[in-house]
Amino acid sequence: MNLENLPVGYGDFLDRIKSEIRLARFKVNLAANSALLQIYWQIGCWILDQQNRSEWGAKVIDKLSHDLRKEFPDMQGLSARNLKYMRQFAAVYPDPEFVQATLAQIPWYHHITLLNKVKSHDERIFYVKEAHKNGWSRDVMVAQIDAKYYKRKGKAITNFNSALSAPQSDLAQQITKDPYIFDFLNLTDLCQEKELESALTEHVMKFLLELGGGFAFVGKQINIEVDGQDFYIDLLFYHVKLHCYVVVELKKGKFMPEYAGKLNFYLSVVDAKVKSEEDKPSIGLLICQDKNEVIAEYALRDLTKPIGISQYQLIEAIPKNLKSSLPSIKTIEKEIRQQKATARKPVKRTQKALLTSKKID
């Protein structure tokens with residue numbers, strides 16, 4: 001049929017069918033994953049029960065794996081290693097209703113990762129819910145675990161409780177982190193604010209991932225004019241779940257109280273000139289290199305606009321197992337003196353240089 005002769009409303013009709021097919025496929029995949037987790041959990045329970053009653057050893061699981069794979073050659077997931085994960089899964093989650101209602105929201109291999117990398121029950125459940133809500137792949141979930149997302153979410157110092165009504169205040173608190181980890185930028189603490197801002201926008205997808213689900217990037221250095229004077233917002237986002245604009249200001253060095261006042265001003269202008277009647281009050285995020293919590297709390301105490309204050313990290317601290325292999329400052333100074341006194345030899349790098357090169361390489 002000629003595209004010009006399509007009946008009126010065909011496009012909407014097609015979109016509706018596509019949407020229903022996608023929804024049906026999602027339900028099928030969800031049901032299949034739920035059924036798979038149920039049988040894995042049940043097998044794990046049976047193995048646990050037999051081992052507790054009959055004192056089965058590890059070799060029995062090897063034999064069980066061999067016999068099951070012989071019987072079901074087309075079925076994946078029957079290796080001895082996976083059977084042991086099933087046993088662990090059943091031991092960690094003894095409630096079948098909880099398995100079906102909560103744990104079935106993410107794939108089996110996500111659960112294997114959580115069993116390997118996360119020891120706390122509450123933390124595992126946190127990642128289950130976040131992975132489901134945000135549609136994380138296993139690699140993304142691993143990155144969030146390694147970045148200690150569980151300990152950082154909702155930790156910014158804010159005045160949301162006084163500046164926003166419930167439940168918006170609680171929801172807004174949960175979109176914050178402290179600190180934000182920007183180690184994907186390959187920048188050091190010596191970089192300038194403009195460098196940091198440019199690098200974040202060049203890596204906007206990773207930046208959005210670090211900010212969390214729901215953020216949509218509007219632009220950088222957004223110009224706002226007030227009574228003939230130009231002002232520029234570092235970064236502007238829209239949060240699709242909170243239905244509000246989010247103004248992000250980046251600051252080098254320590255937090256200063258005047259930063260909060262300026263951000264409060266920006267929020268007033270955005271609410272007056274940018275947001276629509278349907279939008280919720282705009283939120284400000286001030287992300288500094290360092291902050292004093294007491295000073296930050298006082299700075300926010302009497303401000304009317306909702307503002308959160310967090311720190312950022314470019315390069316994480318030196319791991320303990322690496323510290324012992326790095327030379328001390330005294331050792332470095334001694335070697336420099338020796339080199340100057342003897343011959344022109346390459347000088348060993350300082351701890352900071354070693355760390356920077358290791359992260360960048």
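Rules and cut-offs
- Residues numbered from 1 in each chain as written.
- Predicted model: local features only at pLDDT ≥ 70, side-chain atom pairs only at ≥ 80, totals over all residues.
- Heavy atoms only, no water.
- Helix = DSSP H or I, 4+ residues; strand = E, 2+ residues; numbered from the N terminus.
- Buried < 20%, exposed > 50% of the residue type's maximum accessible area, 1.4 Å probe, protein only.
- Contact = heavy atoms within 4.5 Å.
- Areas by Shrake-Rupley, 256 points an atom, 1.4 Å probe, with all protein chains shown as cover.
- Axes fitted to C-alpha atoms, helices over the stretch in contact; angles between N-to-C directions.
- Parallel < 35°, antiparallel > 145°, perpendicular 65-115°, else oblique.
- Nonpolar A, V, L, I, M, F, W, Y, C, P; charged D, E, K, R; others polar.
- Patch = residues over 30% accessible without salt bridge, like charges linked within 9 Å, V, L, I, M, F, W, Y side chains within 5 Å.
- Salt bridge = Lys/Arg side-chain N within 4 Å of Asp/Glu carboxyl O.
- Left-handed = near helix turned anticlockwise from the far one by under 90°.

A. Quick look at the overall build of the protein. When helices and strands are counted, the protein shows 17 helices and 7 strands. With 361 residues in all, the protein has 39% of them scored as buried. For the protein, long-range pairs separated by at least 24 residues make up 60% of all intrachain contacts whose partners lie at least 6 apart in sequence. Roughly 21,400 Å² of accessible area belongs to the protein as shown, and the carbon and sulfur atoms make up 53% of that amount.

B. Spatial organisation of the packing of helix 3 (residues 80-92) against helix 5 (residues 108-117). The contact between helix 3 and helix 5 brings their axes to 11 Å, and the two run at 75°. Relative to helix 5, the element helix 3 is oriented roughly perpendicular. Counting all contacts with helix 3, which are made through Asn 82, Tyr 85, Met 86, Gln 88, Phe 89 and Val 92, the residues of helix 5 involved are Trp 108, His 111, Ile 112, Leu 115 and Asn 116. Taken together, the residues that form the contact of helix 3 with helix 5 break down as 7 nonpolar, 4 polar and no charged.

C. Spatial organisation of a nonpolar patch on the surface. A cluster of nonpolar residues, Tyr 10, Phe 13, Ile 17 and Ile 21, forms a patch on the protein surface that exposes about 350 Å² of accessible area. Among the structural elements, Phe 13 can be located in helix 1 (residues 10-54).

D. Just the packing of helix 5 against helix 7 (residues 138-146), in detail. Between helix 5 and helix 7, the least distance of the axes is 10 Å, while the angle of their chain directions is 20°. In this view, helix 5 runs roughly parallel relative to helix 7, as classed from their interaxial angle. Crossing hand, helix 5 versus helix 7: right-handed. When helix 5 is examined against helix 7, the residues Tyr 109, His 110, Thr 113, Leu 114 and Lys 117 are found in contact with a partner set consisting of Arg 138, Met 141, Val 142, Ile 145 and Asp 146.

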